[in-house]
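A closer look at the structure
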Amino acid sequence: TSSTWTLAPAARRDVWTGQGTPLASARLDAGWQRGRTGLTAAVGSAVTPPVLADLLVREGVGVRLNPDLRPERVRWEAEAGIRRELDGGSLSARVFYGRVGDMIVWAPDFRFIWSPRNFDVVRRGVEMSAGLRPAATLRMDATATYSAVTYDIPGGAQVQYRPPVTYAASLVWSPGAWSTALRWHRIGERFPNGAGTNPRPGFSQLDVGLERRLGFLDDA
């Protein structure tokens with residue numbers, strides 16, 4: 001069985017109103033495929049400006065705008081993954097590590113007034129996924145993720161309201177034009193403060209959906 005290599009570099013430059021200096025970012029993706037096994041690796045940086053909800057929030061009691069809010073900058077991040085195709089399914093795993101400058105987090109100040117603020121953080125983790133297709137009309141998927149996003153200070157705690165552990169599973173049945181989906185999402189415990197104390201209990205979400213393709217899609 002022959003092997004296949006891929007290499008994909010990319011770069012961009014962001015300019016927007018209110019930001020005096022353009023910000024550049026770059027990324028390099030590499031992949032290797034042999035038979036049913038594939039390996040991937042990537043390293044890069046990125047820039048994300050604040051969203052309108054953070055910039056134009058309505059001020060009120062205990063809530064203030066932050067006119068000095070800066071864009072988030074992934075200074076660098078590296079990841080590696082492996083994927084194995086199986087008869088009727090697949091398995092994959094991914095690990096990542098990186099540093100983010102000025103991550104936007106809603107947090108209170110010393111007066112307990114909440115506003116979007118910038119924090120430097122370190123994030124690292126692992127994600128594992130499995131997919132199964134026992135029949136042509138049935139698909140099942142499951143994912144488990146551990147993501148530590150901690151303040152970039154010695155002994156930094158998990159960023160508030162960011163769950164370290166999440167799980168997801170889905171079941172999709174598609175007999176013809178109709179499709180029915182059942183999706184479950186588990187959010188692990190989170191901390192309501194930057195000290196990593198008084199964790200909030202985890203919770204689950206369950207969604208049920210029904211969809212039908214219309215028009216020319218039925219004839220495809």
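Residues numbered from 1 in each chain as written. Predicted model: local features only at pLDDT ≥ 70, side-chain atom pairs only at ≥ 80, totals over all residues. Heavy atoms only, no water.

The next subject is the overall build of the protein. Secondary structure summary: the protein contains one helix and ten strands in total. Written out in order from the N terminus, the α and β elements of the protein read β-β-β-α-β-β-β-β-β-β-β. Here the C-alpha atoms of the protein give a radius of gyration of 21 Å, more than 25% beyond the 17 Å that 2.2 N^0.38 yields for 220 residues. Along the first, second and third principal axes, the C-alpha atoms of the protein reach 60 × 40 × 40 Å. A total of 220 residues make up the protein; the buried ones form 27% of that total. (Helix = DSSP H or I, 4+ residues; strand = E, 2+ residues; numbered from the N terminus. Rg over C-alpha atoms; globule rule 2.2 N^0.38 Å. Buried < 20%, exposed > 50% of the residue type's maximum accessible area, 1.4 Å probe, protein only.)

Turning to a nonpolar patch on the surface, a few remarks are in order. On the surface, a nonpolar cluster with roughly 570 Å² of combined accessible area is contributed by Y167, L171, L182, W184, L206 and V208. When residues of the nonpolar patch are traced back to their parent elements, those giving at least two are β8 (165-173), β9 (178-187) and β10 (203-212). Within the secondary structure, L206 is located in strand β10. Given a relative accessible area of 57%, L206 falls into the exposed group. (Patch = residues over 30% accessible without salt bridge, like charges linked within 9 Å, V, L, I, M, F, W, Y side chains within 5 Å. Areas by Shrake-Rupley, 256 points an atom, 1.4 Å probe, with all protein chains shown as cover. Salt bridge = Lys/Arg side-chain N within 4 Å of Asp/Glu carboxyl O.)

The phi torsion at Y161 lies on the positive side, around 65°, for a residue other than glycine. By the element assignment, Y161 lies in the loop between β7 (138-151) and β8. Given the relative accessible area of 43%, Y161 is considered partly exposed. Although it is not a glycine, N198 sits at a positive phi angle of roughly 55°. On the secondary structure map, N198 appears in the loop between β9 and β10. The class for N198 is exposed, based on a relative accessible area of 54%.

This part covers the packing of aromatic side chains. Within this structure, the stated rule accounts for four aromatic pairs. An angle of 55° between the planes, with centres 6.4 Å apart, marks the rings of W5 and W32 as tilted. Of this pair, W5 sits in strand β1 (residues 3-14) while W32 sits in strand β2 (residues 23-34); the two residues are 27 residues apart in sequence, bridging distant segments of the chain. The exposed category is assigned to W5, whose relative accessible area is 67%. Residues F112 and W114 carry aromatic rings whose centres are separated by 5.9 Å and whose planes lie at 90° to one another, so their mutual orientation is edge-to-face. Owing to a relative accessible area of 22%, W114 belongs among the partly exposed residues under this scheme. (Phe/Tyr/Trp six-rings, centres within 6.5 Å; stacked < 30°, edge-to-face > 60°.)

On average, residues of the protein carry a pLDDT of 91, and 95% of them reach 70 or more. Here helix α1 (residues 52-55) stands out as the element of the protein with the lowest mean pLDDT, 85, in contrast to β8, whose mean of 97 is the highest. (pLDDT = per-residue confidence, 0-100.)

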